[in-house]
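Examining the three-dimensional arrangement
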Amino acid sequence: MHEAADGGLARVRLPGGVLSAEQLRLLAAAAVELGDGHLELTSRANVQIRALQPGAPVELSDRLYAAGLLPSISHERVRNVLASPLSGLDQHSRYDVLPVAGEVDRLLCARPGLAGLPGRFLFALDDGRGDLASAKADVGLRMVDGERGELLLAGVATGVLVAVEQAAEVMVAAAEAFLAERAEQQSEAWRLAELTAGPKRVLARLRLGEQPTGRLGEQTGRGLAAGRLTDLVGAEVLVVTVPLGVLDAEQAAVLAEVAEQADTQQRPVLRVTPWRSVVVAGVVEGAVRRLEAVGLVLEPSSPWNGVTSCAGRPGCAKALADVRGDARRVVPGWSAASGRRVHWAGCERRCGRPGGEFVDVLALAGGGYSVDGVVMEVDEVRAQ
Ligand code: SF4
């Protein structure tokens, strides 16, 4: 929970981005009954509910606990585990890392000392495609084949290969090594990269062998375009862009309905991505039409792909503009996806900005925006 200008703000962590249809319904109902009616998807593949009324947090906690979304009060802030959203679904996936993400979460919550990790500390499990590179996770694993992954520390490849059966244990041990090193350096660092020789020292504490090499192989870090693909067992998978990462109750209901009817094949159907979209696996016919009818985006050329924003007004007291309102007015007029990421921010903190390069659309005190440093009125803002 945080206090924001429009009331309480609750962040619900989803390790691996995995969410069931039932959990999505519960979150949407909680947003309507206790908050402002919307679910926000975050750059860490979590969900936020804003504008909670006084007293609502207790009721919300009870509901989340009952739905399995709050397994540990003491560790809630540190359950930051990303995983490749298409894991196990297509030919670029060398190994399905979602169960490993679940195991990292379970081990994290089982160790009392790890409740002391900074809330910014991040784990990432990359199924081999390199899509999580820009997250620069403190502790990562990138699968190199169907049995082993390379350990990444502060986004840097270590050259150390770990058998997948040991992966969760090694990753959690790396987090413990970070805490030990931080204590020894008498540092208040939130991230591994902020410690003096952080990756090298953590690796030495793990006693796994090699030193960081800085090699990173090919990593796209680009996220996912909206659209449809066929998975390895011939089922249809949808990548659904949620404009500005804000889901209303109707959109959430349709997503849950589509997920409920999907052919699960014993795998998670709904996966929230770090790019303000949701992957839905094994969908049945008619799903695209139903999702598009409520304003969700399945078109790869839609200008909404790659556009993100911070909360802006009225949710944030620091905001100089209603950035979401302005983006909703302007973006639909853009001819097509620019292929570049665009981030609208209400002030220089640029909360929620994507990793890597992006077009910087920054609200100005006197009105209008600076777009990569060029001042213009809101109606003149273009992704190009
Ligand atoms: S970028 Fe600024 S205006 Fe936007 S949410 Fe962050 S602090 Fe608020």
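**Some thoughts on the domain arrangement of the chain**
On domain assignment, one finds that the chain holds domain 1 (2-75 + 224-293), domain 2 (87-206) and domain 3 (307-380). One C-alpha centre belongs to domain 1, the other to domain 3, and the line joining them spans 24 Å. With both chains or domains summed, domain 1 and domain 3 bury close to 900 Å², and 53% of this area falls on carbon and sulfur atoms. It is Ala5, Leu244 and Arg276 that lose the most area in domain 1 upon contact with domain 3, and together they represent 59% of the buried surface on that side. If you look at where domain 1 meets domain 3, you find one salt bridge. The partner of Arg324 in a salt bridge is Glu40, and the shortest N-O contact between them spans 2.8 Å. On the surface where domain 1 and domain 3 come into contact, there are four residue pairs in polar contact (both at pLDDT 80 or more). Its residues assigned to classes, the side of domain 1 that touches domain 3 shows five nonpolar, one polar and four charged.

**Details of the pairing of strand β10 (residues 156-163)**
A regular strand places its side chains on the two faces of the sheet in alternate fashion. Pairing of strand β9 (residues 148-153) with β10 involves five bridges; the strand directions are antiparallel. Note that in β10 the partner of Leu153 across the bridge is Val156.

**A few points about the site of the ligand**
In the region of the ligand, the neighbouring residues are Cys310, Ala311, Cys316, Ala319, Gly346, Cys347, Arg349, Arg350 and Cys351. Residue composition of the shell around the ligand, by class: six nonpolar, one polar and two charged.

**What about the side chain of Arg191?**
Checked against the element boundaries, Arg191 lands in the loop between α4 (164-184) and α5 (198-206). Looking at Arg191, its side chain comes within polar contact range of the main-chain oxygen of Arg120, at 3.5 Å. There is a polar contact of 2.8 Å between the side chain of Arg191 and the side chain of Asp138. Beyond its immediate sequence surroundings of up to four residues, Arg191 is in contact with Arg44, Arg120, Phe121, Leu122, Ala135, Lys136, Ala137, Asp138 and Phe178.

**Some points on the pattern of salt bridges**
The final tally for this structure, using the stated rule, is 26 salt bridges. The residue Arg25 makes a salt bridge to Glu260 at a minimum N-O spacing of 2.3 Å. On the criterion of sequence distance, the pair formed by Arg25 in helix α1 (residues 21-34) and Glu260 in helix α6 (residues 249-261) is long-range, its members being 235 residues apart. Looking at Arg25, the relative accessible area reads 34%, which means it is partly exposed. Judged by relative accessible area, which is 47%, Glu260 ranks as partly exposed.

**Things to note about the packing of α1 against α6**
One way to put it is that α1 packs onto α6 with a least axis distance of 9 Å and a crossing angle of 165°. In this view, α1 runs roughly antiparallel relative to α6, as classed from their interaxial angle. Two packed elements cross with a definite hand, and for α1 against α6 that hand is left-handed. Between α1 and α6, the contacting residues are Ala21, Leu24, Arg25, Ala28 and Val32 on the first element and Ala249, Ala252, Ala253, Leu255, Ala256, Glu257, Ala259 and Glu260 on the second. For the contact of α1 with α6, the class distribution of residues is ten nonpolar, no polar and three charged.

**Focus on the environment of Gly17**
Tracing the backbone shows Gly17 in the loop between β2 (7-12) and β3 (18-19). Classification of Gly17 as buried rests on a relative accessible area of 0%. Distance from Gly17 to Glu250, taken between C-alpha atoms, is 21 Å for residues 233 residues apart in sequence. The residues touching Gly17, leaving out its near neighbours within four places in the chain, are Ala45, Val81, Leu270, Arg271 and Val272.

**What to know about unusual backbone geometry**
A cis amide bond links Arg313 with the next residue in sequence, Pro314, at an omega value of 0°. The backbone of Ala45 shows a phi angle near 60°, a positive value even though the residue is not glycine. Assignment of secondary structure puts Ala45 in the loop between β4 (39-41) and β5 (47-52). By relative accessible area, Ala45 is classed as buried at 2%. Unusually for a residue other than glycine, Gln186 sits at a positive phi of about 50°. Its location among the elements puts Gln186 in the loop between α4 and α5.

**Description of the sheet that holds strand β17 (residues 342-345)**
Taking strand neighbours across the sheet as the criterion, the five strands line up as β16-β17-β18-β19-β20 in an open arrangement whose pairing is mixed. The sheet is open, and its two edges are formed by β16 (307-309) and β20 (374-376), each paired on a single side. In this sheet, adjacent strand axes meet at a mean angle of 20° when their direction is disregarded. Here three bridges tie strand β18 (residues 359-363) to strand β19 (residues 369-371), and the two strands are oriented antiparallel to one another. Following the sheet pairing, Leu362 is matched in β19 by Ser370.

What counts as what
Residues numbered from 1 in each chain as written. Predicted model: local features only at pLDDT ≥ 70, side-chain atom pairs only at ≥ 80, totals over all residues. Heavy atoms only, no water. Domains from an automatic or database assignment. Buried area = accessible area lost by both parts, 1.4 Å probe. Salt bridge = Lys/Arg side-chain N within 4 Å of Asp/Glu carboxyl O. Polar contact = N/O pair within 3.5 Å; in protein donor to acceptor, adjacent residues only side chain to side chain. Nonpolar A, V, L, I, M, F, W, Y, C, P; charged D, E, K, R; others polar. Pairing = 2+ DSSP bridges. Helix = DSSP H or I, 4+ residues; strand = E, 2+ residues; numbered from the N terminus. Near = heavy atom within 4 Å. Contact = heavy atoms within 4.5 Å. Buried < 20%, exposed > 50% of the residue type's maximum accessible area, 1.4 Å probe, protein only. Axes fitted to C-alpha atoms, helices over the stretch in contact; angles between N-to-C directions. Parallel < 35°, antiparallel > 145°, perpendicular 65-115°, else oblique. Left-handed = near helix turned anticlockwise from the far one by under 90°.

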